[in-house]
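Secondary and tertiary structure notes
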Amino acid sequence: MTKRNLLFSGLALMIPLALATVLVLHPTRAKSEAAAAPLEVRVDNFTFGPDTLTVPVNSTVTWVNKDDLPHVIASTDGVFKSKALDTDDKYSYTFTKAGTYAYFCSIHPKMVGKIVVQ
Amino acid sequence: MAKKNLLDPNDNGFIEHDHNNDGIDRRGFLKCMAWAGTGALCVIEGGVLTSRALASDMGSKMKSPKMGELSFVQISDSHMGFNKPANPDVIATLQAAVDKINALPEQPEFILHTGDISHLSKPSEFDNVDQILKGTNKEIFFVPGEHDVLNDDGAMFRERYGKNSKGQGWYSFDKNGVHFVGLVNVMNLKAGGLGTLGGEQLEWMEDDVKHLKSSTPIVVFAHIPLWSVYPKWGWGTDDSAQALSYLRKFGSVTVLNGHIHQTMQKVEGNITFHTAFSTAFPQPAPGQGEGPGPMKVPAEQLRSILGITDVNYVQGRHALAVVDSSLA
């Protein structure tokens, strides 16, 4: 009985501790994830992957062309536009204002995507 | 014209579609599709287009007395600068196209290039194409593909190839009684849409053709198909119906396009649509495979699915004859 009580109180102590650890570590972890997460859109087989990407304000999003043909990344409202991206070429844009930014490939306009900045 | 209008290409390397007799020969149509990639000769004969696949042994058959009043060649999608599978040497295949043209038994009067001259709109790419095409010693008329207007809204293209053109590069001219209209449908494209002609160009075109006699044969050429080949892959033009509506009164209308790197044709009333081979790389049939990227084929097959298109007009006939011819 004593042993079981001890075990129980041990567990009871550990649970809040574990919770506290998660609480303390979580913001740091979330932050480092945001920094490490590649805010990347792959242009592959005439599609944008992902076709919708949600990012925090001041994020820099990079498009990389994995197709054998060039593409041009162009915001539907004219906010940003890349030069022609040949295979493996990249284009980056930093979103400083919240909002939804629809874009497309200006030479293959069936290709559409959006960046949601929060 | 012979009743049997489809000859077995395995016998003589020659496919002819006679739309004068019965509209479309379905068997012939399918067979021609199967030949996609071998090149075509177009002959306008009294309003409907005839299609023949050219092969190396076809020489004597081509010397038909029906032909000869106006002969021209369409080439397309040279993509100079492309260097990936299945064609690391687009210079060699464009040169092969030039050799093919120079070897035609009936020499064309001029050449139409229906766009994607370059792969990345680079001056050096245009220079290379110009240099190679000089070998034909022919006048060449160009319309831009989307690869030719990548970074400057087509300024360089117009400087090189569109000195006498209107707007973003459209124009018309007459040859031997045939009226040619070169259109631009690769600029100002809208998100989610297809090729676009735009209001200004449509207005110009309406005005350009309205004073012509309805008996005038019309050839319209543009990069992206002016018919709905496969909208899901962007293979069509949003406002092409408007453009075609200006051509209803004419007895003979032939529409020549590129962009899809394969031969295809369709007859709709007075209008015959035809798409040409690329001289650089093939693309898959509509909806076949995951997307419209370059189709990878074994090296020994490549030249059998690249080619040129030869077009022939005979006065009094109702159609232009269109013959696709491979580089193999």
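What you see is a predicted model; the values in this text were computed from it and never measured.

Now for the overall build of chain A. If you tally the helices and strands in chain A, you get one helix and eight strands. Contacts in chain A between residues far apart in sequence, at least 24 positions, make up 46% of those at least 6 positions apart.

Residues and elements named next belong to chain B. Pairing is mixed across the open sheet formed by six strands, whose spatial order is S6-S7-S8-S9-S11-S10. The open sheet has two free edges, formed respectively by strand S6 (171–175) and strand S10 (264–268), since each of these has just one partner strand. On average, adjacent strands in this sheet sit at an angle of 15 degrees to one another, irrespective of strand direction. Note that strand S9 (residues 253–257) and strand S11 (residues 271–275) share five bridges and pair parallel. By the bridge assignment, threonine 254 is partnered in S11 with threonine 272.

This part is about the confidence of the model for chain B. All names here are of chain B. Here chain B averages 84 in pLDDT, while 78% of its residues score no lower than 70. Below a pLDDT of 50 lies the segment residues 1–40, which in the model reaches 117 contacts outside its immediate sequence neighbourhood of four places, other chains included. Predicted confidence is poor over residues 42–68, with pLDDT under 50, and the contacts of this stretch with residues over four places away or in other chains come to 130 contacts. With a pTM of 0.80, the predicted complex shows an ipTM of 0.79.

Let us now look at the interface of chain B and chain A. In this assembly, 18 residues from chain B lie in contact with 19 residues from chain A. Split by residue class, the side of chain B that touches chain A holds seven nonpolar, seven polar and four charged.

Attention now goes to the environment of leucine 194 of chain B. Residue and element names in this part refer to chain B. As for its position among the elements, leucine 194 is in the loop between strand S7 (178–182) and helix H8 (199–210). Residue class for leucine 194 comes out buried when judged on the 22 C-beta atoms lying within 10 Å of it. The spacing of leucine 194 and threonine 237 is 43 residues in sequence and 5.1 Å in space, taken between C-alpha atoms. With residues near it in sequence (within four places) discarded, leucine 194 still touches Pro231, Gly234, Gly236, Thr237 and Asp238.

Attention now goes to the confidence of the model for chain A. Summary statistics for chain A give a mean pLDDT of 81 and a share of 69% for residues scoring 70 or more. Residue range residues 15–36 of chain A is modelled with pLDDT below 50. Its contacts to residues more than four positions away, or to other chains, number one contact.

This paragraph deals with the pairing of S9 of chain B. All names here are of chain B. Among the five residues in S9, five count as buried, and that is most of the element. Residues Val253, Val255 and Asn257 line one face of S9 and the alternating positions Thr254 and Leu256 line the opposite face, and both faces are buried. Across five bridges, strand S8 (residues 218–222) lies against S9 in parallel orientation. The residue of S9 that forms the bridge with phenylalanine 221 is leucine 256. On the question of chirality, the crossover connecting S8 to the parallel S9 by way of helix H9 (residues 240–245) is right-handed.

Take H8 of chain B next. All names here are of chain B. Compared with an ideal rise of 1.5 Å per residue, which puts 12 residues at 16 Å, H8 spans 17 Å between its outermost C-alpha atoms and is within 8% of the ideal. Within the span of H8, buried status applies to Gln201, Met205 and Val209. Viewed end-on, H8 has its buried residues packed into an arc of 50 degrees, placing them on one side of the element. In H8, the exposed residues that point more than 90 degrees away from the buried face are Gly199, Glu203, Asp207 and Lys210. Elements in contact with the buried residues of H8: S7, S8 and H9.

Below, the discussion takes up the sheet that holds strand S4 (residues 59–65) of chain A. All names here are of chain A. If you walk across this open sheet you meet the four strands as S2-S1-S4-S6, and the pairing is mixed. Looking at strand neighbours, the two that pair on one side only are strand S2 (47–49) and strand S6 (90–95), the edges of this open sheet. In this sheet, adjacent strand axes meet at a mean angle of 20 degrees when their direction is disregarded. As judged from the six bridges shared by S4 and S6, these two strands associate in the antiparallel manner. Counted as the bridge partner of threonine 60 is threonine 94 from S6.

With that settled, the discussion passes to the pairing of strand S8 (residues 108–117) of chain A. Residues and elements named next belong to chain A. Pairing geometry for strand S3 (residues 52–55) and S8, over four bridges, is parallel. Residue leucine 53 lies in a different strand from S8, and its bridge partner there is isoleucine 115. The pairing of strand S7 (residues 99–105) with S8 spans seven bridges and is antiparallel. Bridge pairing links cysteine 105 to histidine 108 in S8. As consecutive antiparallel partners, S7 and S8 are separated by two residues.

Of the consecutive residues glycine 49 of chain A and proline 50 of chain A, the connecting peptide bond is found in the cis state with omega at -5 degrees. With respect to the helices and strands, the residue proline 50 of chain A is situated in the loop between S2 and S3. Across the junction of proline 85 of chain B and alanine 86 of chain B, the peptide omega takes the value 10 degrees, indicating a cis bond. Along the chain, alanine 86 of chain B turns up in the loop between strand S3 (70–75) and helix H5 (90–102). For phenylalanine 46 of chain A, which is not glycine, the phi torsion reads 60 degrees and is therefore positive. Looking at where phenylalanine 46 of chain A falls in the secondary structure, it is placed in the loop between strand S1 (40–44) and S2.

A word on the environment of phenylalanine 48 of chain A. Residue and element names in this part refer to chain A. With respect to the secondary-structure elements, phenylalanine 48 resides in strand S2. Expressed as a C-alpha distance, the spacing of phenylalanine 48 and valine 64, which sit 16 residues apart in the sequence, is 9.6 Å. Not counting chain neighbours up to four residues away, the residues in contact with phenylalanine 48 comprise Val41, Val43, Met111 and Gly113.

The rules we used
Residues numbered from 1 in each chain as written. Chains lettered and ligands numbered in written order. Predicted model: local features only at pLDDT ≥ 70, side-chain atom pairs only at ≥ 80, totals over all residues. Helix = DSSP H or I, 4+ residues; strand = E, 2+ residues; numbered from the N terminus. Contact = placed C-beta atoms within 7 Å. Pairing = 2+ DSSP bridges. Axes fitted to C-alpha atoms, helices over the stretch in contact; angles between N-to-C directions. pLDDT = per-residue confidence, 0-100. Nonpolar A, V, L, I, M, F, W, Y, C, P; charged D, E, K, R; others polar. Buried ≥ 20, exposed ≤ 12 C-beta atoms within 10 Å, placed from the backbone. Right-handed = clockwise from strand over helix to strand, strands pointing away. Expected span 1.5 Å × (residues − 1). Arc of directions from axis to C-beta.

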